[in-house]
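Below, each chain spelled out in residue letters.
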Amino acid sequence: MTGRILMTIAHRAAILAYIVFALFPLFWLLKVSVTPNDLLYSEGVRLWPSHTTFEHYRFVIENSAFPTFFKNSLIVACSTSVAVTVLSSLAGYALSRFRFRGKYAIVALMLITQMFPLVMLVAPIFKMLSPLGLTNSLTGLVIVYTAFNVPFATFLMQSFFDGIPKDLEEAAMIDGASRFIAFRQIILPLTLPGIAATLGFVFTAAWSELLFALMLISGNTSATFPVGLLTFVSKFSVDFGQMMAAGVMALIPACLFFLLIQRYLVQGLTAGAVKG
Amino acid sequence: MSHPEAVRSGAARKPAMRRFADAAEPWFYAAPVLTLIVAVMLVPLLLGLSYAFRDIQLLNPFSGAFIGLEHFKTLARDDAFYRALKNTLWWTGASVFLQFALGLVLALLLDKPFPGRGLAQALVFLPWAVPTFLAGLNWAWLFNPVIGPLPHWMAALGILSAPDNILADPHLAMWGPIIANVWWGIPFFAITLLAALQAIPRDIYEAAAIDGAGPLQRFLSITLPFLAPTIAITILLRTVWIANFADLIIVMTNGGPADRTQIVASYIFTQAFRRLDFGYASAIALVLLVLLLAYSMLIVVIRQRLIEKD
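Criteria and thresholds
Throughout, a residue's number is its position along its own chain's written sequence, starting from 1. Lettering for chains starts from A, numbering for ligands starts from 1, and both go in the order in which the items are written. Reporting in this predicted model follows two pLDDT cut-offs: at least 70 for local features of residues, and 80 or more for side-chain atom pairs to be given and counted; totals over whole chains, interfaces and linings ignore these cut-offs and use all residues. Values shown for side chains rest on all heavy atoms present in the structure; no hydrogens or waters enter the calculation. Only runs of H or I of at least four residues qualify as helices and only runs of E of at least two qualify as strands under DSSP, and these elements are numbered from the N terminus. Partly exposed describes any residue whose relative accessible area lies between the buried limit of under 20% and the exposed limit of over 50%, with all areas from a 1.4 Å probe on protein chains only and scaled to the type maximum. Note on contacts: a residue pair qualifies if any of its non-hydrogen atoms lie within 4.5 Å across the two residues. For every accessible area listed, the method is Shrake-Rupley and the probe measures 1.4 Å; residues are considered covered only by the protein chains on display. All the domain ranges listed were derived from an automatic or database domain assignment. Summed over both partners, buried area is the accessible surface (1.4 Å probe) that two parts give up on being assembled. A pair is scored as a salt bridge if a Lys or Arg side-chain nitrogen falls within 4 Å of a carboxyl oxygen belonging to Asp or Glu. Pairing of N or O atoms within 3.5 Å defines a polar contact, subject to two protein rules: one partner must be a possible hydrogen donor and the other a possible acceptor, and residues neighboring in sequence count only if both atoms are side-chain atoms. Residues are grouped as follows: nonpolar covers Ala, Val, Leu, Ile, Met, Phe, Trp, Tyr, Cys and Pro; charged covers Asp, Glu, Lys and Arg; every other residue, Gly included, is treated as polar. Candidates for patches are residues over 30% relative accessible area with no salt bridge; among them, like charges are joined within 9 Å and nonpolar side chains (Val, Leu, Ile, Met, Phe, Trp, Tyr) within 5 Å. The predictor attaches a confidence to each residue, called pLDDT, with possible values from 0 through 100. UniProt positions are given in the numbering used here, feature names are shortened, and annotations may be inferred rather than shown by experiment. For a helix, the expected span equals 1.5 Å multiplied by the number of residues minus one. This arc is taken over the directions from the axis of the helix to the C-beta atoms. Helix axes are fitted only over the stretch in contact, all axes being lines through C-alpha atoms; the angle between N-to-C directions runs from 0 to 180 degrees. Note on angle classes: values under 35 degrees are labelled roughly parallel, values over 145 roughly antiparallel, values of 65 to 115 roughly perpendicular, and the remainder oblique. Only Phe, Tyr and Trp rings take part, Trp by its six-membered ring, and two of them pair if their centres are within 6.5 Å. Stacked means planes under 30 degrees apart, edge-to-face means over 60, and tilted covers everything else.

Break down the overall build of chain A for me, citing the residues and quoting the values.
Per the secondary structure count, chain A includes 13 helices and 0 strands. Counting helices and strands in the order they occur from the N terminus, chain A gives α-α-α-α-α-α-α-α-α-α-α-α-α. Residue burial in chain A is summarised as follows: out of 276 residues, 55% are buried. A separation of at least 24 residues holds for 71% of the contacts in chain A among residues at least 6 apart in sequence. Approximately 11900 Å² of chain A is accessible, and the part contributed by carbon and sulfur atoms is 67%.

Below, the structure is given as structure tokens:
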């Protein structure tokens, strides 16, 4: 019995250690964002400044294009994550359930796209998108991000489909349902944790992508959030207070998103379905 | 399941149209993804690769000529490249190992129900949502003895002899980006592995417990085999991503001090965007691509073995 209690204490302590490790840098971000500029260096090592200010936040909201960046990032990240999830569920299902010629070619193709440093695609992609009028547009960014994220998402979805017994849709198909109906009505609901994980990954990846946003977008009207953050870093001075304030605000949608998808990760839907 | 015989004989007498539809079916599911990948990644990739054999310098209007293997001859004599290759191994190996080990432990911890699990999970996964650029700057601050607490804490614990910035120390600098990368990447493994853990049918554990299997035995003979395919694919992708992942290094150390944190990916970035030599940068990228391809082949073969063994 004492062994059990000790295990529980060790378990909670380990969880707590992870939480502290995960949150401390974010706490520091918050701390710097509310530290007045004159205390930034003199009280740099203190855990909390002797007095705080929201000056940095006010400056960012009132004097910069951050609200626009924010809206743009939200549009791009939401569109990309939905598009990727839909496309990768289909492709992941094909890789999981069918044996067909060309399957390994598809896997190889998708693996290769993960291996090339994306830096090298900037110039060719710019050359291809510009005659289509897709540079400097959020649509172009969504297309590029969707393509970049779809290979990984497909592997992820395939893994989740692999974990679901084939008997489930085979039974439905023997009962007369077409494969697509079986896929949509039986398999997809069982993969909800996987779908939530995929949405989460893609959302954050699209939310924080810097390189292509920087190269494909010029001007403030379609700039995304990370590009906006970069405008705070000039060659000669870095206003850390304002940048951290902007950073804290950038975290808000991501936090909300994670809170929303938590429960799908926790639900062990597959276990219940197989048992029943 | 009721009439397997009837179903099988039905399949044997399928008309030609039906057989074609069956053969084409997987392609319908995969077509949207394939179209997108070919148009937005493969075509630009081939264009980019062709630069490796051409003299492409952005500021030189007379460049663009086909020069054959010239870049690769330069590369073979480039000491900075070999140093970067060694640093890449160290950076990737340490980052992947720590992220995976800590991520697996976290996933196992979170797999047990306990009060407040939803909240704890949301908090520990949060680093993944931080833009890498911001994460890099933030960690660079934490390591700065003037404004960050970490050097003082490490000195107090005896890890450092004096509260200096490890990012400025040639022998320790690589640990800065590695720690930032581990912090940022643990949630990736934890989320994927946790979702895979949740998909393991619970009754298998119950049956094993009734048969008298201890926790360690259950972990080794149930959990690990179930997780193996997910582990293989996530480690493969993560290794490749981290080998190509230059953001943190560029933001935190810019390859310094004395090139001690320069990895191949950041070296490519330097060649392309500081020296604007896209030709040479593409040649280095091609070599990196071949190395990562060889590595991936190995993992894919291992994964296939694992699946077929089941």
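Let us keep going from here.
Describe the domain arrangement of chain A, and please don't skip the residues or the numbers.
Residue and element names in this part refer to chain A. By domain assignment, chain A separates into domain 1 (1-53) and domain 2 (65-275). The interface is formed by 6 residues belonging to domain 1 together with 8 residues belonging to domain 2. Regarding the contact of domain 1 and domain 2, the summed buried area is about 580 Å², with carbon and sulfur atoms giving 80% of it. Seen at the junction of domain 1 and domain 2, the total is 0 salt bridges. For the pair domain 1 and domain 2, the number of links is 0 residue pairs in polar contact (both at pLDDT 80 or more). Tallied by class, residues from the side of domain 1 that touches domain 2 come to 4 nonpolar, 2 polar and no charged.

I'd like a description of the domain arrangement of chain B, backed by residues and values.
All names here are of chain B. According to the domain assignment, chain B consists of domain 1 (1-53) and domain 2 (72-309). Computed over C-alpha atoms, the centres of domain 1 and domain 2 are 34 Å apart. Across the boundary between the two partners, domain 1 contributes 5 residues, which contact 7 residues of domain 2. Both sides together, the interface formed by domain 1 and domain 2 hides about 460 Å², and carbon and sulfur atoms give 80% of it. Broken down residue by residue, the surface that domain 1 buries against domain 2 is led by Leu49, Tyr51 and Ala52, which jointly contribute 75%. Joining domain 1 to domain 2, the criterion identifies 0 salt bridges. The tally of links from domain 1 across to domain 2 stands at 1 residue pair in polar contact (both at pLDDT 80 or more). For the side of domain 1 that touches domain 2, the per-class residue count stands at 4 nonpolar, 1 polar and no charged.

Can you explain a nonpolar patch on the surface? Please cite residues and give values.
On the surface, a nonpolar cluster with roughly 390 Å² of combined accessible area is contributed by Leu30(A), Leu47(A), Trp48(A) and Trp153(B). Mapped onto the fold, Leu30(A) is located in helix 1 (residues 2-33). Of the residues examined, Leu30(A) reaches a relative accessible area of 35% and is grouped as partly exposed.

Outline the environment of Pro36(A), listing residues and values.
Residues and elements named next belong to chain A. Position of proline 36 among the secondary structure elements: in the loop between helix 1 and helix 2 (55-63). Under the relative-accessibility criterion, proline 36 is labelled buried at 8%. If we ignore the near neighbours within four places in the chain, the residues touching proline 36 are His51, Thr52, Thr53 and His56.

Report on the environment of Glu70(B), specifying residues and quantitative values.
As for its placement among the helices and strands, Glu70(B) is situated in helix 3 (residues 70-76). Considering only alpha carbons, one finds Glu70(B) and Leu193(B), 123 residues apart in sequence, at a separation of 45 Å.

Help me get a handle on the interface of chain A and chain B, residues and values and all.
Of the residues lining the interface, 98 residues belong to chain A; the matching set on chain B comes to 96 residues. Roughly 8900 Å² of surface becomes buried between chain A and chain B when both sides are summed, with 81% attributable to carbon and sulfur atoms. Put simply, chain A and chain B have 1 salt bridge between them. Of the charged contacts in the structure, one is a salt bridge between Glu25(B) and Arg179(A), with a shortest N-O distance of 3.9 Å. Counting across the interface, chain A meets chain B through 7 residue pairs in polar contact (both at pLDDT 80 or more).

Hey, could you go over the confidence of the model for chain A for me, with residue numbers and the actual values?
Residues and elements named next belong to chain A. For chain A, per-residue confidence averages 81 on the pLDDT scale, and 90% of positions sit at 70 or higher. When mean pLDDT is taken per element in chain A, helix 3 (residues 66-97) scores highest with 91 and helix 13 (residues 269-275) scores lowest with 32. In this model, residues 266-276 is a region of pLDDT below 50 whose contacts with residues beyond four sequence positions or in other chains number 21 contacts.

Go over the UniProt feature "transmembrane region" (unreviewed entry) in chain B, please, and point to the residues and values.
All names here are of chain B. In the numbering adopted here, UniProt assigns the feature "transmembrane region" (unreviewed entry) to residues 27-53, 89-110, 122-143, 182-201, 222-243 and 278-302. A distance of 31 Å separates the end C-alpha atoms of residues 89-110, which is 100% helix and 0% strand. End C-alpha to end C-alpha, residues 278-302 measures 36 Å, and it is 100% helix and 0% strand.

Give a detailed account of helix 8 (residues 179-190) of chain A, specifying residues and quantitative values.
Residue and element names in this part refer to chain A. For helix 8, with 12 residues, the first-to-last C-alpha span of 15 Å sits near the 16 Å given by 1.5 Å per residue. For helix 8, every residue scored as buried is listed here: Arg179, Ala182, Phe183, Ile187, Leu188 and Leu190. Buried residues of helix 8, viewed axially, fall in a sector of 155°; they line one side.

I'd like to hear about the pattern of salt bridges, residue by residue, with values.
Charged atoms that come close allow side chains of opposite charge to pair. Under the defined criterion, the tally for this structure stands at 5 salt bridges over all chains. Put simply, Arg97(A) and Glu169(A) hold a salt bridge, and the shortest N to O gap is 2.8 Å. Separated by 72 residues along the polypeptide, Arg97(A) in helix 3 and Glu169(A) in helix 7 (residues 167-174) bring together distant segments of the chain. Taking relative accessible area as the criterion, Glu169(A) reaches 1% and is therefore assigned buried. Here the salt bridges share partners, and the residues they tie into one network are Arg97(A), Glu169(A), Arg179(A) and Glu25(B).

Residue-level account of the packing of helix 3 of chain A against helix 8 of chain A, with values.
All names here are of chain A. One way to put it is that helix 3 packs onto helix 8 with a least axis distance of 12 Å and a crossing angle of 105°. With respect to each other, helix 3 and helix 8 are oriented roughly perpendicular. Counted together, Ser89, Leu90, Tyr93 and Arg97 of helix 3 and Arg179, Phe180, Phe183, Ile187 and Leu188 of helix 8 form the full contact between these two elements. In the contact of helix 3 with helix 8, the residues fall into 6 nonpolar, 1 polar and 2 charged.

Could you give an account of the packing of aromatic side chains, with specific residues and numbers?
Aromatic rings in a pair are described by how distant their centres are and how their planes are angled relative to each other. Per the counting criterion, the structure on display carries 36 aromatic pairs over all chains. Between the aromatic rings of Phe27(A) and Trp48(A), the centroid separation amounts to 5.9 Å while the plane-to-plane angle is 25°, which identifies the pairing as stacked. Residue Phe27(A) is located in helix 1, and its partner Trp48(A) is located in the loop between helix 1 and helix 2; the two are separated by 21 residues in the primary sequence. The exposure class of Phe27(A) is partly exposed, given its relative accessible area of 30%. Overall, the relative accessible area of 38% leaves Trp48(A) in the partly exposed class. Seen in terms of ring centroids, Phe188(B) and Trp241(B) are 5.8 Å apart; in terms of plane orientation they differ by 65°. Their pairing is edge-to-face. Pair noted here: Phe188(B) is in helix 8 (residues 175-198) and Trp241(B) is in helix 10 (residues 215-244), with a separation of 53 residues, a long-range link.

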